[in-house]
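So the chains spell out like this:
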Amino acid sequence: MGKRGRAAVVVLGDIGQSPRMQYHALSLSQQALLEVDIVAYGGSNPHIALLENPSIHLHKMKPVVFRGLPKILLIVLLPLKALIQFFMLLWFLCVKIPPPDVFLVQNPPSVPTLFAVKLASWWRNSAVIIDWHNFGYTLLALSLGRNHILVKIYYWFERHYGRKVNGSFCVTKAMQHELACNWGIKATVVYDCPPEFFHCASLQEKHELFCRLNNDLIHPDGIQDCISYGKGMSERDSFVGNTIFTTQDSVEIFLKPNRPAIIVSSTSWTSDEDFGLLLEAAVMYDRRVSAILDEDDSVDDELLWMEISNGKQYLYPRLLFIITGKGPDREKYEKQMKKLHLKRVAFRTMWLPAEDYPLLLGSADLGLSLHTSSSGLDLPMKVVDMFGCGLPVCAISFFCIEELVTVEKNGLLFSSSSDLADKLLMLFKDFPDGCASLNSLREGALAKGTSTRWGTEWEQQALPLIAKVISDK
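Another point: unusual backbone geometry. Looking along the chain, the bond that leaves asparagine 107 and enters proline 108 is cis, with omega of 0°. Relative to the helices and strands, proline 108 resides in the loop between strand E4 (102-107) and helix H4 (113-124). Here the residue pair valine 111 and proline 112 is connected by a cis peptide bond, since its omega of 0° sits within 30 degrees of zero. You can see proline 112 is positioned in the loop between E4 and H4. If you check the backbone angles, serine 373 has positive phi at about 75° while not being a glycine. Along the chain, serine 373 turns up in the loop between strand E13 (366-369) and helix H14 (381-388).

Below, the structure written as structure tokens:
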């Protein structure tokens, strides 16, 4: 066998929170038969398939972080941060890793990544491909405004160096059109598609997952709600064989008929996802169910919980929102969640291992996306993962979301908190056995998620460009 070629995957971010670049690395190794060096920040562990692949080599940089400083000072220090990142990238790309045939770089961030990779490619005689996930200047504009001088400089930098590469991938047709018409960049659309390890969870997998998560769900720190409330229930659910969703006798596992409905979302807790909208919708759901059932809001919470514990089913279920991810706004929203004191809605925030996240999606009843896109041209990858697990989605509506979500086929779109509350009431009426609309969407989500997997999409769309730029180098 001849010597394998080499690729370098560059992510100026946490590789564990960059699933698309992890999938690129796996495909470069398994489908393009290349040795792969990943240069990225550490932090969260990537998927075990990447860690166990002998042809993939992970090189971790230390993130540059200025903590506890006022916003105005952070803005002043941005050039210094970019300069430090630039020299760190050059050290890794020009010295620490072997010379690659091609650099595959994630954008954004653009500054200083694109310039550093361009210099490294010249030094090491390598080709460069950009994988456009979004535009960096639009993300910066979320905090500074579109007319800020730093945003204008960032836009020029991103556009200028984005045109000086050997090829580009992007995530939507809308972004492909924008790059072609206004940036002079020809990009190949490589849609996000779920890998094979995203699938519907079996009853056994659900039960084992809920057993692992049970303590985090019913014993959260400082929270009493419709999931955690009541010592009797918590103690009874603590032993192996019984969770808040499942129970196991000596022979079989059963889903509890009075279990809460699970709604799951993943997020990086940044300003392009407004979880305040979700909190408003949760309050509306809670109040509207009380009104529909003609119940007095002063009904004792413990009495309500005892009825649920004893197997009583209501017209509308309790809702448990499980939100996974790490990011800057997480603590702010967690404080708001603790102040709500809702009867029929509970929230849990957590970070899951890469192997458990697909199982959670495959065990949930509905997926939720609050991603609005700073540019309006990228799509939420979380929705792709949900479809891979046969999980229908409620997604906030924006410009190109219908490239992914087909309304009333695999999901629903909403535009306000009231609209989301209406969707939840419609989907979960007579849960778990009488939800015709939810079941129909689940079938559509499964069909969408299994129609094209990542490996097929990558081989058809990405591999030809990879092979071409390497041969032309």
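One finds Leu28, Ile38, Leu93, Phe103, Trp132 and Leu179 to be the most contacted residues of the largest nonpolar core, which totals 112 residues. When residues of this core are assigned to their parent elements, the largest contribution, eight residues, is made by helix H3 (residues 71-96). Those residues in contact with phenylalanine 103, other than ones at most four positions away along the chain, are Ala8, Val10, Leu93, Ile97, Val117, Ala120, Ser121, Ser126, Ala127, Val128 and Ile129.

Moving on, we get to the packing of helix H10 (residues 275-292) against helix H15 (residues 417-428). Following both chains from N to C, one finds H10 and H15 inclined at 50°, their axes separated by 8 Å at the closest point. Here H15 runs oblique to H10, going by the angle between their axes. In this structure, H10 crosses over H15, and the sense of that crossing is right-handed. Residue-level inspection shows Leu277, Leu278, Glu280, Ala281, Met284, Tyr285, Arg288, Val289 and Ile292 of H10 in contact with H15, the latter providing Ser417, Ser418, Leu420, Ala421, Asp422, Leu424 and Leu425. Counted by class, the contact of H10 with H15 contains eleven nonpolar, two polar and three charged residues.

Our focus in this paragraph is the environment of glutamine 460. Along the chain, the position of glutamine 460 falls in helix H17 (residues 454-472). Distance in space between the C-alpha atoms of glutamine 460 and isoleucine 185 is 20 Å, their sequence separation being 275 residues.

The next subject is the packing of aromatic side chains. For the coordinates displayed, the defined rule picks out 22 aromatic pairs. Each ring, one from phenylalanine 135 and one from tryptophan 183, has its centre 4.7 Å from the other, and the planes form 10°; the classification is stacked. Taken together, the residues span a long stretch of sequence, with phenylalanine 135 in the loop between strand E5 (127-132) and helix H5 (136-144) and tryptophan 183 in helix H7 (residues 173-183) at a distance of 48 residues. Each member of the pair, phenylalanine 135 together with tryptophan 183, is buried. Three or more aromatic residues joined by ring pairs form one cluster here, namely Tyr23, Phe197, Phe198, Tyr357 and Trp454. Here the basic side chain of lysine 326 rests over the ring of tryptophan 351, its NZ or CZ set 4.7 Å away from the ring centre.

The rules behind these values
- Residues numbered from 1 in each chain as written.
- Predicted model: local features only at pLDDT ≥ 70, side-chain atom pairs only at ≥ 80, totals over all residues.
- Heavy atoms only, no water.
- Helix = DSSP H or I, 4+ residues; strand = E, 2+ residues; numbered from the N terminus.
- Core = buried A, V, L, I, M, F, W, Y, C linked by side-chain atoms within 4.5 Å.
- Buried < 20%, exposed > 50% of the residue type's maximum accessible area, 1.4 Å probe, protein only.
- Contact = heavy atoms within 4.5 Å.
- Axes fitted to C-alpha atoms, helices over the stretch in contact; angles between N-to-C directions.
- Parallel < 35°, antiparallel > 145°, perpendicular 65-115°, else oblique.
- Left-handed = near helix turned anticlockwise from the far one by under 90°.
- Nonpolar A, V, L, I, M, F, W, Y, C, P; charged D, E, K, R; others polar.
- Phe/Tyr/Trp six-rings, centres within 6.5 Å; stacked < 30°, edge-to-face > 60°.
- Lys NZ or Arg CZ within 6 Å of the ring centre and 35° of its normal.

By themselves these figures say nothing about function.
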